[in-house]
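Tertiary structure, described
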Amino acid sequence: MDLLTWTGALGPILNPLMLAAVAVFLLGLIGNFVLTLAGQQAGEVQINADHTLTINRTPVDYALMAMKYAVLLFLACCLAYIIGGLVQSDPMDQGILGAMGRRFLPVWIALIVLFALSITFKRKLGLYGKLFDSLIGMIGFGLVMFWMFTAIFAGTIITFGPIDVISQMRNEVPGTPLPNPDDGAYLYYLLGGDNLGRDVFSRMVMGAREVLKIAPAATLFAFMVGITLGLPAGYFGGKLDTVLTFIANLVLAFPVILLFYLLVTPEIVDAGIPTYMAAVLFLFPIIFFVVLFNSRYHTQPTKRLAYIAISLVIGFWLYSGLAFNADPLGLISMPGNILIVFVSVVFVNSPTVFRIVRGIVLDIKTRDYVAAGQTRGEGPWYIMLWEILPNARGPLIVDFCLRIGYTTILLGTLGFFGLGVSPESPDWGSTINEGRRLLTIYPHPALPPALALMSLVLGLNLLADGLREESLKD
Amino acid sequence: MGLFILRRFGVMILTALCLTFVVFFLTNLYPNLEKLAKTQGNARMTDAEVASWLDRNGYGGPLIVRYGEWLGVVPGWTREGADGEVTGRCIDAATPAEEAPTFCGLLQGDLGYSTVSDDEVSNIIGGRLALTGVLMFWAFAVMVPAALIIGVLAGMKEGSRLDRSLSTVSIASTATPEYVSGVIFIVLLASSTAGISPWLSEMGWIEGRTLFLGSARSAMDDVTFWNFTLPVMTIALYGMGYIARMTRASMAEVMTAQYIRTARLKGVSFRNIVLKHALRNALIAPFTVIMLQFPWLLTGVVIVETLFNYNGFGWTLVQAASNNDIELLLACSIVAVFVVLVTQLISDIGYVFLNPRIRIS
Amino acid sequence: MTDTQHRGLTTHPVAEMYAQEYKDGKLSRREFLVRSTALGVSAAAAYSLIGATPVAAEAHRATPPMGGTLRIQMEVRALKDPRTYDWSQMANVSRGILEYLIEYNADGSFNGVLLDSWEANEDATQYTLRLREGVKWNNGDDFTAEDVAANFIGWCDSTVEGNSMAARMGGLVDPDTGVAREGAIEVVDPLTVRITYPAPDITLVPGIADYPSAVQHRDLIGTNPLDHGVGTGAYRITDYEVGVQARLEKNPDHEYWGNTYLDEVIFIDLGQDPAAWFAGAEADEFDMTYETVGEFIDLFSAIGWTQSEVTTAATVVIRPNQNSEPYDNQMVRKAIQMAVDPQVCLDLGINGQGTLGEHHHVCPIHPEYAELPPLTVDPDAAYAMLQESGHADHVFEIVSIDDDYRRNTTDAVAAQLRDAGFNVERTVIPGSTFWNDWTTYPFSSTNWNHRELGVIIYNLAYRSGVAWNEFGYANPEFDALLDQANGILDAEARSEVMAQLESILQEDAVTLQPYWRSLFRHHKPEVINADMHPKFEINIHYLGIEA
């Protein structure tokens, strides 16, 4: 069997088109630049006396239009490849791009359904709905959800197991057919093999699952810790604030990389430090929920008791499993090396969240509705959790998105230094680090995880940007 | 103002004390000491031998006392061996027991001894810091002007096409950590088998095998454009986006201010508004951000120095941490913490000085 | 280089016997050379015994032009008492000042450096060492038999922490006191030393040619050469920064006994990542590698560097430690052995650059190698055996160091075990911490360097209770046979005992030992005499560079 081409049967038609699109785009860019330097300006809209609009198109406008259509053409070609992959059945015709597009079919369906529903009902969906008014936000959300669905459907997308080794396939280039495939096995390594003969494509896809398993959860924990401590620090002020702020600044003054090198080592795991840290840090979510329900329902004893009991039971069940690996039901556990990574990431992130929350509380607590609550005789925790927090959600959600991206980068850094992750783990940081060794000869194992990580973080940042823009419009 | 600086200074000392104690505590946990004993003595020591080795080499006392010794507020340990030979913290080949000082810690300017390098920490760390200083200087020299230009151009007309494209560029740059951009740069520009170098070499446009060098080791002796571009670009790229976004936000805010509107209405040209009125006020916020970038860059420095084999401070930190070279690691953290705190102080003071709206009585 | 030409015995009764064996085709030329030169017969004489042209190592060595600076990529580790050296890299730097009595050549022969000649008596219990005349220490003292005797006493001192020479001295060490046996080391005259063993021992010569046996001044035994700089070599260390570089230059105040060429040698440390070495080579940061591994072998050749290869008995063992559950069960170990195909390890681990091993750690290039029937690989039977042993649910955690070929080989083993149905987990530990516990990991991989004789390896690693016995292996029957083999000078007879030892190791499934490595080194074409050495030795006295 032959090597797959990147573009398959559609290549001869679409490749020249794509090239042309790129060329036009570059020409447009240069033209635009030169014309602007030469003092030309884009045409302005004029309102005529008969209430019609005229646009005086200048050469700059034409250059910009050319660029716009070039981008659209390029995107259309990409779409064509994916659709080509879906409708053609022979991998040779699909090409690598088409075949990958076909593997991602569940993701495309999920994305289309999600976007169709969201756009239809966007007026009823609050801030989330408004996201679909901003192009940047939509692109970001699309990228994030792409990887999210990839993580969810990873099991059906992958073509091989992430740690399956086929020794003849080591370092083979993208699109290499298997030498003697088993019945029913996929016939190609779509993105080639790594230095152990594992499928780069499948590892990249499974890597999404590894990353998205830890990053959002760790960020969420960091937010719980930051909010639980930041609210009282900002609201009460005084000594409590001074002490907490000092501690937060202390952690922030620690260079992240030094902290990781000190914390994420087998010796520290031996000494039990991660368990102690987890014991402290994982307590905050429980406190958060207990206080949350307690303050809300303290006038309704039955409801209050029920909610608190539920959060205590679920909380301590998770707590014993995650922090001490002692889940009485034996369902939840976290291996030591993942725990230390998780705890370190939470530890690094929570002081920043604390500072943000504290700052917002300092601002909001002077508002009238807070004073009104105080006059009504509401307890301080009720005011913090049910008056202040909901009003602080905008900036917090934006920061949450940014912070997941930052956490992803941190996890990659850990993987890059080989700290804490298990050696065969397909997570992107470790695969980049492994691929980097042979980078100058075989770039194909390192580039897919690198680009994947970049696109996920980019998506999160764009999403945050879109959310910020839309929430500012309120 | 004096009191403000004094108080900041006090907090800074307290922070430094706490942080070094944490580092001291973590590096002196028993499993780490055991590892140290086994690397320094013999990989196959029994538990009893480890304990006696630790005791013999001054790791036996209570943690807090040893921390005091390291600081130089508790007398350094001494110990008389079975053969009457006196060993001690302050005693080495150059200073025999009789002449040795009682205290030898940080306060006396003694940073201790690096077990892996077999040398005084102070001999090691100075040169490494200078190397990193050079790297940082060039990274800042590239990053700050580029970021400010992008930020100002983008913030000039908020929502314009220029703003959109530049903002996307800066978002993309913050989404590209050093270990991704470094890898891509090396493939594209510094590999003799991939990227553009083989092509350039074939065309006879470059003399060497690659356009840029993928290893910055030669830059330790002699910085050239070819051996330093990639490390500097890799560091600068990641930090640039963040500063650019801050500048843009600040610029955009200034551009909506009353006095700018007034100037516009008075018919001042756009170019003059930007250059003469808006720019100075727009740069206050980025200044603090730039100062706070120093500690943030440290991670980048560590990654880049590892990736490009540049034996500077970041590289030393990795070596010290992975070999549990306690006193070298402590010295590294002192430097790191010092940099963080000093830049915070400068950014605070600078903010006060630059911002006409804040006056401290 | 006529003055380094070693003038040894012209013949020896046992050597003549070996020569006959060689002519009968029972010995390879290499085996013959190793054995007869170990007895004190000079390489040239050994060649003449078998009627071949003398092609001693020196004859291969070109005479480089004088002067020049050479940059060598090599890890620069902290130096210490040479007896306690645990890395050949340390010796490569200190070899510029501290020389050796005897050196081992890439062709398997030995020749004298500080020794002019040596000879063994017929039953290999007594060795007479004759020193080279006219050798001076760089502090002005003469090099005498007192120096040699003092060094032997130092090497035999097993009370010194980490003195690996004590194990190489074997019978010279008194097991009761832990130091040299009374009367074992005799100074006969200022240029002659006699060594007497209580029982026959054939490992003396390889032992004192090994890298921790650097010869120190008689008053400086047990010190770090970096601190005093006293030695017989032609160089001096001017700059030593651990992890960064070491610089040596020709010592102008010292008259060296031999010839040497380079003015300056710089060892450059680029860390443990071969990718960084290659990047350094592309950036023209050094002229010669210490060792080239894996994919990088082809790469260095592709950028026009000269490749030098040597076949060795260097290997990797992936071994369970029998002191830990469930590896105390022979069936579990056997199951592991049956599930792993050495060919796959060879292909994936070192790119096929080597030869297949037989899980008993004696290499066909060893003189006493005995061929055994081939082993079978049968993953299904292996899993059946594992189930039978009752440990099918056990999660096998395999530890390896974080570096190219050791890690890849261990990954290959893990993958094959997984294919066979084992539950396998992998742990990778960075090089800086890996060696802290290397003998006690329950299941891990270790690289073993080339040794001259099969019995040397068995004495070092497989005898019950020895320091480097990472297998937790204790078998009195094996020990007894090994004692027997140690005393047999005749290789034919020894290889019969060896066959039993080898099959005991296979039967007990002590370790996986899938392949023997070929070692590679690359240097720029203008570098002279930089050929790879089976034990990674670099003798900077021989090196040169074309202008």
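Residues numbered from 1 in each chain as written. Chains lettered and ligands numbered in written order. Predicted model: local features only at pLDDT ≥ 70, side-chain atom pairs only at ≥ 80, totals over all residues.

In terms of regular secondary structure, chain A is built from 20 helices and four strands. Structurally, chain A occupies a C-alpha span of about 75 × 75 × 40 Å along its principal axes. Across the 474 residues of chain A, 46% fall into the buried class. (Helix = DSSP H or I, 4+ residues; strand = E, 2+ residues; numbered from the N terminus. Buried ≥ 20, exposed ≤ 12 C-beta atoms within 10 Å, placed from the backbone.)

Within chain B one finds 14 helices and four strands. Its C-alpha atoms give chain B principal-axis dimensions of roughly 90 × 70 × 30 Å. Contacts in chain B between residues at least 24 apart in sequence constitute 65% of all its contacts with a sequence separation of at least 6. (Contact = placed C-beta atoms within 7 Å.)

A few words now on the interface of chain A and chain C. Residue-level contacts link 15 residues of chain A with 17 residues of chain C. Residue classes in the side of chain A that touches chain C are distributed as six nonpolar, five polar and four charged. (Nonpolar A, V, L, I, M, F, W, Y, C, P; charged D, E, K, R; others polar.)

All right, on to the interface of chain B and chain A then. Each partner contributes residues to the interface: chain B has 38 residues there, and chain A has 34 residues. Listing elements by their share of the side of chain B that touches chain A, those giving two or more residues are helix H1 (2-27), helix H2 (30-40), helix H6 (161-174), helix H7 (178-189), helix H12 (284-307), helix H13 (313-322) and helix H14 (326-354) of chain B. In terms of residues, the side of chain B that touches chain A owes the most to one element, H7(B), which gives six residues. A breakdown of the residues in the side of chain B that touches chain A according to their chemical character gives 28 nonpolar, nine polar and one charged.

Within soluble globular proteins, side chains that are nonpolar tend to cluster in buried spots. The biggest cluster of nonpolar side chains holds 394 residues, and the ones touching the most others in it are Leu281(A), Val346(A), Val183(B), Ile72(C) and Leu417(C). Here the element with the most residues in this core is helix H8 (residues 200-236) of chain A; it accounts for 20 residues. Composition of this core by domain shows at least three residues from each of domain 1 (2-108) and domain 2 (130-257 + 284-311) of chain B. Residues in contact with Leu281(A), not counting those within four places in the same chain, are Phe221(A), Val225(A), Val343(A), Val346(A) and Phe347(A). (Core = buried A, V, L, I, M, F, W, Y, C linked by C-beta atoms within 7 Å. Domains from an automatic or database assignment.)

Moving on, we come to the domain arrangement of chain B. Domain boundaries in chain B define domain 1 (2-108) and domain 2 (130-257 + 284-311). If you average the C-alpha positions of domain 1 of chain B and of domain 2 of chain B, the two centres end up 40 Å apart.

The next point concerns the packing of H8(A) against helix H20 (residues 447-472) of chain A. Residue and element names in this part refer to chain A. The N-to-C vectors of H8 and H20 enclose an angle of 30 degrees; their axes lie 9 Å apart at closest approach. As the angle between them shows, H8 and H20 are arranged roughly parallel. Relative to H20, the crossing made by H8 is right-handed. Facing H8, whose interface residues are Val 200, Met 204, Gly 207 and Ala 208, H20 presents Pro 448, Pro 449 and Ala 452. Residues of the contact of H8 with H20, tallied by class, amount to six nonpolar, one polar and no charged. (Axes fitted to C-alpha atoms, helices over the stretch in contact; angles between N-to-C directions. Parallel < 35°, antiparallel > 145°, perpendicular 65-115°, else oblique. Left-handed = near helix turned anticlockwise from the far one by under 90°.)

All names here are of chain C. Spatially, four strands are ordered E4-E5-E7-E6 in an open sheet, and the strand pairing comes out antiparallel. At either end of the open sheet lies a strand with only one pairing partner, and these are strand E4 (115-120) and strand E6 (185-189). Between one strand axis and the next, the sheet turns through 20 degrees on average, direction left out of account. Both E4 and strand E5 (residues 126-131) contribute to a ladder of five bridges, which runs antiparallel. For Ala 120, the partnering residue across the bridge sits in E5 and is Tyr 127. Its contacts with the sheet place helix H6 (residues 145-156) against E5, E6 and strand E7 (192-196), and it is angled at close to 175 degrees to E6. (Pairing = 2+ DSSP bridges.)

The next thing to look at is helix H14 (residues 379-389) of chain C. Residues and elements named next belong to chain C. Along H14, the residues classified as buried are Ala 382, Met 385 and Leu 386. Within H14, the buried residues cover an arc of 100 degrees as seen down the axis, which keeps them to one side. Of the residues in H14, the exposed ones pointing more than 90 degrees away from the buried face are Asp 380 and Glu 388. Tucked inside the fold, the buried residues of H14 contact helix H12 (330-339) and helix H15 (404-420). Of the residues one or two after H14, Gly 390 is the one with positive phi, at around 85 degrees. (Arc of directions from axis to C-beta.)

All names here are of chain B. Along the chain, Leu 166 falls in helix H6. Residues Leu 166 and Leu 153, 13 residues apart in the sequence, show an inter-C-alpha distance of 8.1 Å. Discounting residues that sit within four places of it in the chain, Leu 166 has contacts with Ile 150, Leu 153 and Ala 154.

For the rest of this paragraph, the subject is the pairing of strand E8 (residues 235-241) of chain C. Residue and element names in this part refer to chain C. As judged from the six bridges shared by E8 and strand E9 (residues 245-250), these two strands associate in the antiparallel manner. When the bridges of E9 are listed, Ile 237 appears paired with Leu 248. Between the antiparallel neighbours E8 and E9 lie three residues, among them Gly 243 with a positive phi of about 80 degrees.

On to the confidence of the model for chain B. Any residue range with low pLDDT should be treated as having predicted coordinates unsuitable for detailed reading. All names here are of chain B. The predicted model of chain B has a mean per-residue pLDDT of 81, with 93% of residues at 70 or higher. When pLDDT is averaged over each helix and strand of chain B, the minimum, 72, is found for strand E2 (residues 86-88) and the maximum, 89, for helix H5 (residues 121-156). Overall fold confidence (pTM) sits at 0.79, and the ipTM for the predicted complex is 0.85. (pLDDT = per-residue confidence, 0-100.)

Trans is the common state for peptide bonds, and a negative phi is the common state for residues other than glycine. All names here are of chain C. Look at the link from Glu 325 to Pro 326: it is a cis peptide, with omega at -10 degrees. Topologically, Pro 326 is positioned in the loop between strand E12 (306-320) and H12. The phi dihedral of Asn 529 is positive, around 65 degrees, even though this residue is not glycine. Mapping Asn 529 onto the fold places it in the loop between strand E18 (527-528) and strand E19 (544-545). Owing to 20 C-beta atoms within 10 Å, Asn 529 belongs among the buried residues under this scheme. Residues other than glycine seldom take positive phi values, yet Phe 536 does so here, at roughly 65 degrees.

With that settled, consider helix H11 (residues 270-282) of chain B. Along an α-helix, residues three or four apart share an orientation, since each turn contains 3.6 residues. All names here are of chain B. Taking 1.5 Å as the rise per residue, H11 with 13 residues should run 18 Å; its terminal C-alpha atoms sit only 15 Å apart, a clear shortfall. For H11, the complete set of buried residues consists of Val 274, Ala 278 and Ala 282. As for H11, its buried residues are in contact with H5, helix H9 (225-255) and helix H10 (258-265). (Expected span 1.5 Å × (residues − 1).)

Before going further, it helps to examine the environment of Gly294(C). All names here are of chain C. Tracing the backbone through its elements, the reader meets Gly 294 in the loop between strand E11 (288-289) and helix H11 (296-302). Once the C-alpha coordinates of Gly 294 and Gly 352 are considered, the two residues, 58 residues apart in sequence, prove to be 9.1 Å apart. For Gly 294, the contacting residues outside a window of four places in its chain are Pro 274, Ile 350, Asn 351, Asp 404 and Tyr 405.

Here we come to the packing of H5(B) against H13(B). Residues and elements named next belong to chain B. In the contact formed by H5 and H13, the axes pass within 7 Å of each other and the chain directions differ by 135 degrees. On the basis of the axis angle, H5 is oblique to H13. Between H5 and H13, the residues in contact are Ile 124, Ile 125, Arg 128, Leu 129 and Thr 132 and Phe 313, Gly 314 and Thr 316, respectively. Split by residue class, the contact of H5 with H13 holds four nonpolar, three polar and one charged.

Residues and elements named next belong to chain C. Extensive coverage of strand E17 (residues 515-523) is indicated by the burial of eight of its nine residues. Pairing analysis gives three bridges linking strand E13 (residues 354-356) to E17, with the strands arranged antiparallel. Paired with Thr 355 across the strands is Trp 516, a residue of E17.

This paragraph deals with the environment of Ala474(C). On the secondary structure map, Ala474(C) appears in the loop between helix H17 (454-462) and helix H18 (476-486). Remark: the alpha-carbon pair of Ala474(C) and Arg463(C), spanning eleven residues in sequence, is separated by 6.9 Å.

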